[in-house]
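Given next are the chains, with one letter for each unit.
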Amino acid sequence: MKKKKLLNTSEYKTISELQESLEGTGYFVVPQIQFKEVLVADVHDSLSKKEKQTFNTASFDFVVYNSEFLPEFAVEFDGPCHAKQKKKE
């Protein structure tokens, strides 16, 4: 088996820029983290089967956390790889 990089070149550049921008603020960036690790589905949320599947399998490209380890915001990065995927569809 071959090892796979966590981030492609564009994602690496993006996380580097995010980390540099947040330096000294107490915020930090976590890449490729699943929705279900960041958000809690409320029992009152009426999600469709497809939405539940997405919630359980999809991931954010980057999530910025504060010093209390609470998520502040997420970043979805549609780099060159996304454009190549759309052309194939």
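Below or above, wherever it landed, is the structure these notes cover. (Residues numbered from 1 in each chain as written. Predicted model: local features only at pLDDT ≥ 70, side-chain atom pairs only at ≥ 80, totals over all residues. Heavy atoms only, no water.)

Here we look at the overall build of the protein
Piece 1. Looking only at helices and strands, the protein features 4 helices and 3 strands.
Piece 2. Mapped in sequence order, the helices and strands of the protein form the string α-β-α-α-β-β-α.
Piece 3. Within the protein, the fraction of its 89 residues that count as buried is 21%.
Piece 4. Residue pairs at least 24 apart in sequence account for 57% of intrachain contacts in the protein once pairs closer than 6 positions are excluded.
Piece 5. Working note: accessible area of the protein is about 7500 Å², and carbon and sulfur atoms make up 54% of it. (Helix = DSSP H or I, 4+ residues; strand = E, 2+ residues; numbered from the N terminus. Buried < 20%, exposed > 50% of the residue type's maximum accessible area, 1.4 Å probe, protein only. Contact = heavy atoms within 4.5 Å. Areas by Shrake-Rupley, 256 points an atom, 1.4 Å probe, with all protein chains shown as cover.)

Examining the side chain of N66
Piece 1. Assignment of secondary structure puts N66 in the loop between β2 (59-65) and β3 (71-75).
Piece 2. There is a polar contact of 2.7 Å between the side chain of N66 and the side chain of E72. (Polar contact = N/O pair within 3.5 Å; in protein donor to acceptor, adjacent residues only side chain to side chain.)

A short note on the nonpolar core
Piece 1. If you look at the biggest cluster of nonpolar residues, it comprises 7 residues: L7, I15, L18, L22, V29, F62 and V64.
Piece 2. Looking at this core, the elements with two or more residues in it are α1 (9-22) and β2.
Piece 3. Considering every element that reaches this core, the biggest residue donor is α1, with 3 residues.
Piece 4. For L22, the residues in contact, after removing those within four places along its chain, are Y27, V29 and V64. (Core = buried A, V, L, I, M, F, W, Y, C linked by side-chain atoms within 4.5 Å.)

A word on α1
Piece 1. The first and last C-alpha atoms of α1 sit 20 Å apart over 14 residues, in line with the 20 Å expected at 1.5 Å per residue.
Piece 2. Along α1, the positions that sit buried rather than exposed are E11, T14, I15, L18 and L22. Seen along its axis, α1 keeps its buried residues to an arc of 95 degrees; they face one direction. Turned more than 90 degrees off the buried face of α1, the exposed positions are T9, Y12, K13, E17 and E20.
Piece 3. Looking at the buried residues of α1, the elements they touch are β1 (28-34), β2 and β3.
Piece 4. Between a side-chain oxygen at the N-terminus of α1 and the backbone nitrogen of S10 the separation is 3.1 Å; the capping residue is N8.
Piece 5. Looking one or two residues beyond α1, the residue adopting positive phi is G24, at roughly 80 degrees. (Expected span 1.5 Å × (residues − 1). Arc of directions from axis to C-beta.)

Observations regarding unusual backbone geometry
Piece 1. We note that Q32 has phi near 50 degrees; this positive angle belongs to a residue other than glycine.
Piece 2. Mapped onto the fold, Q32 is located in strand β1.
Piece 3. Positive phi outside glycine occurs at F69, with the angle close to 65 degrees.
Piece 4. Positionally, F69 belongs in the loop between β2 and β3.
Piece 5. We classify F69 as exposed; its relative accessible area is 61%.

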